[in-house]
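Okay, here's what each chain looks like letter by letter:
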Amino acid sequence: MKIRKVGVLGCGLMGAGIAEVAARAGFETVVREVSEEVVEKGLAKLRGSLDKAVERGKLDAAERDKAWGRLSGVVDLGALAECDLIVEAIVENLDEKRKTFAALDAVVKEGALFASNTSSLTITQIAMATRRPDRFVGLHFFNPVPVMKLVEVVRTLITSQEAYDAAIEVVRAFGKEPVTARDNSGFIVNRLLVPYLLDAVRAYEEGVGSVEDIDKAMQLGCGYPMGPFTLLDFVGLDTTYYIANIMFEEYREKRFAPPPLLKQMVLAGRLGRKSGRGFYEHQRK
Ligand code: NAD
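Here we summarise the structure given alongside this text. Values in this document were obtained by computation on a predicted structure and should not be read as measured data.

## Brief notes about the side chain of serine 120
Then, in step 1: Looking at where serine 120 falls in the secondary structure, it is placed in the loop between strand S5 (113-116) and helix H5 (123-127).
Then, in step 2: The contact partners of serine 120, leaving out residues within four places of it in the chain, are Glu92, Ser185, Gly186, Ile243, Ile246 and Met247.

Below, the structure written as structure tokens:
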């Protein structure tokens, strides 16, 4: 399984980051979105991130131009036919992911490796929508993808050794550090992180402290790089809400149940950074 060409499904928060990392690592990279308009928007965001890396001295301008030259955006799934690896980063919804992978399975070459960046669904559930569950892994990246070093590599009961080895190799080629996780909802990081974030919302609902003070307390008291509400705004309240529901459904444990305030904020369109307002006000992106 030699990986040269990478396809990325979705050019939102995570898809744009994954595509940027792949292109910067030297892979020809094709990003697929739902419409021309969203493709343009996603690529503009990606370009902004590359430019910022140059401004900050993390990337030289010539490297940026090369990475940009390796990137393209499409709407047609057929344009991914020759990819050696597909990384899916679309909305956290099982039906959508299964539908998309079933369609991909019909057009992408036999030997290609499929990967999902799902936060909380099991890889097995998604992989079984294709005829290649043995060539299917989880590649769980972290936000912001160009900065965060970790990728959880998820191996199911059916993942072949060859597919797993190829996944580990490509993660290293992306300049990231792999850890291997079992296919349990939430893998390692979200299994521990999600109950903590939901508990922060509950603490606020109960009046334990203000948003600012809870954030400050965890930052200065525990040495965390940011408090839970700042992190929730980064991750997206909608994404957190979907994740919590899926993990609750899977484990039936109260610690994964989304608190009412989280649901209300999602319904009210306060999704965090991406919508301009979450627990904090942000400059609209
Ligand atoms: P997002 O809402 O920012 O982006 C999702 C994108 O997918 C949107 O641009 C949407 O237009 C596009 N899309 C929807 N259906 C599509 C399809 N069939 N084909 C191509 N594009 C499609 O969401 P996100 O935060 O980038 O999350 C994407 C995935 O990554 C989810 O599974 C999420 O759980 C996971 N994830 C998120 C984070 C995070 O911090 N936000 C971290 C790790 C993993």
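There is more to say, and it comes next.
## A short note on a nonpolar patch on the surface
Then, in step 1: Together, Met128, Leu157 and Ile158 give the surface a local cluster of nonpolar side chains, amounting to about 350 Å² of exposed area.
Then, in step 2: Mapped onto the elements of the fold, methionine 128 is located in the loop between H5 and strand S6 (136-140).
Then, in step 3: In this structure methionine 128 comes out as partly exposed when scored by relative accessible area, which is 45%.

## Here's the deal with the packing of helix H1 (residues 13-24) against helix H2 (residues 36-55)
Then, in step 1: Where H1 meets H2, the axes come as close as 9 Å, and the angle between the chain directions of the two elements is 55 degrees. If you check the angle between H1 and H2, you find them oblique. The crossing of H1 and H2 is right-handed. Two secondary-structure elements touch here, H1 through Leu13, Ala16, Ala19, Glu20 and Arg24 and H2 through Gly42, Lys45, Leu46, Ser49, Leu50 and Ala53.
Then, in step 2: Each residue belonging to the contact of H1 with H2 can be placed in one class, and the counts come to 6 nonpolar, 2 polar and 3 charged.

## Quick look at the sheet that holds S5
Then, in step 1: Within the open sheet, the 8 strands sit side by side as S3-S2-S1-S4-S5-S6-S7-S8. Their pairing is mixed. Lying at the two open borders of the sheet, with one neighbouring strand each, are strand S3 (71-74) and strand S8 (177-182). Direction aside, the axes of adjacent strands within the sheet are offset by 25 degrees on average.
Then, in step 2: Summarising the sheet, strand S2 (residues 28-32) and S3 pair through 4 bridges and their orientation is parallel. Across the sheet, residue valine 31 finds its bridge partner in S3, namely glycine 73.

## Focus on the site of the ligand
Then, in step 1: Around the ligand sit 21 residues, and of these Met14, Glu33, Glu92, Lys97 and Ser119 come closest.
Then, in step 2: A distance of 3.0 Å is found between an oxygen atom of the ligand and a backbone nitrogen or oxygen belonging to leucine 13.
Then, in step 3: Here methionine 14 contributes a backbone N or O atom positioned 2.8 Å from an oxygen atom of the ligand.
Then, in step 4: Calculation on the ligand without its partners gives an accessible area of 840 Å², and the protein chains cover 86% of this total.
Then, in step 5: Put simply, the parts of the chain that give the shell around the ligand at least two residues each are H1 and helix H4 (94-107).
Then, in step 6: Of the residues assigned to the shell around the ligand, the class counts are 7 nonpolar, 9 polar and 5 charged.

## Let's talk about the environment of aspartate 105
Then, in step 1: Within the secondary structure layout, aspartate 105 lies in helix H4.
Then, in step 2: Residue classification places aspartate 105 among the buried positions, given a relative accessible area of 6%.
Then, in step 3: For the pair aspartate 105 and alanine 129, spaced 24 residues apart in sequence, the C-alpha separation works out to 8.7 Å.
Then, in step 4: Setting aside its immediate chain neighbours within four residues, aspartate 105 contacts Phe114, Thr130, Arg131 and Arg132.
Then, in step 5: Reaching out from aspartate 105, the side chain makes a polar contact with the side chain of arginine 132 at a distance of 2.7 Å.

## Considerations on the environment of leucine 267
Then, in step 1: You can see leucine 267 is positioned in helix H11 (residues 260-267).
Then, in step 2: Judged by its relative accessible area of 68%, leucine 267 falls in the exposed class.

## Things to note about the nonpolar core
Then, in step 1: Grouped together as the largest cluster of nonpolar side chains are 40 residues, with contacts concentrated most on Leu85, Leu139, Phe141 and Phe174.
Then, in step 2: Residue assignment for this core shows that the elements contributing at least two residues are strand S1 (5-9), H1, H2, strand S4 (85-88), S5, S6, strand S7 (150-155) and helix H6 (161-173).
Then, in step 3: Those residues in contact with leucine 85 that sit more than four places away from it in its chain are Ile3, Lys5, Val6, Gly7, Leu113, Ala115, Val170 and Phe174.
Then, in step 4: Counting 23 residues, the second largest nonpolar core, distinct from the first, contains Leu232, Leu237, Leu261 and Leu262.

## Points about the state of the cysteines
Linking two cysteines covalently through their sulfur atoms gives a disulfide.
Then, in step 1: One pass over the structure, following the stated rule, counts 0 disulfides.
Then, in step 2: Of the cysteine sulfurs around cysteine 83, a residue in no disulfide, the closest is that of cysteine 11, at 14 Å.

Calculation notes
- Residues numbered from 1 in each chain as written.
- Predicted model: local features only at pLDDT ≥ 70, side-chain atom pairs only at ≥ 80, totals over all residues.
- Heavy atoms only, no water.
- Helix = DSSP H or I, 4+ residues; strand = E, 2+ residues; numbered from the N terminus.
- Contact = heavy atoms within 4.5 Å.
- Patch = residues over 30% accessible without salt bridge, like charges linked within 9 Å, V, L, I, M, F, W, Y side chains within 5 Å.
- Areas by Shrake-Rupley, 256 points an atom, 1.4 Å probe, with all protein chains shown as cover.
- Salt bridge = Lys/Arg side-chain N within 4 Å of Asp/Glu carboxyl O.
- Buried < 20%, exposed > 50% of the residue type's maximum accessible area, 1.4 Å probe, protein only.
- Axes fitted to C-alpha atoms, helices over the stretch in contact; angles between N-to-C directions.
- Parallel < 35°, antiparallel > 145°, perpendicular 65-115°, else oblique.
- Left-handed = near helix turned anticlockwise from the far one by under 90°.
- Nonpolar A, V, L, I, M, F, W, Y, C, P; charged D, E, K, R; others polar.
- Pairing = 2+ DSSP bridges.
- Near = heavy atom within 4 Å.
- Polar contact = N/O pair within 3.5 Å; in protein donor to acceptor, adjacent residues only side chain to side chain.
- Core = buried A, V, L, I, M, F, W, Y, C linked by side-chain atoms within 4.5 Å.
- Disulfide = S-S within 2.5 Å.

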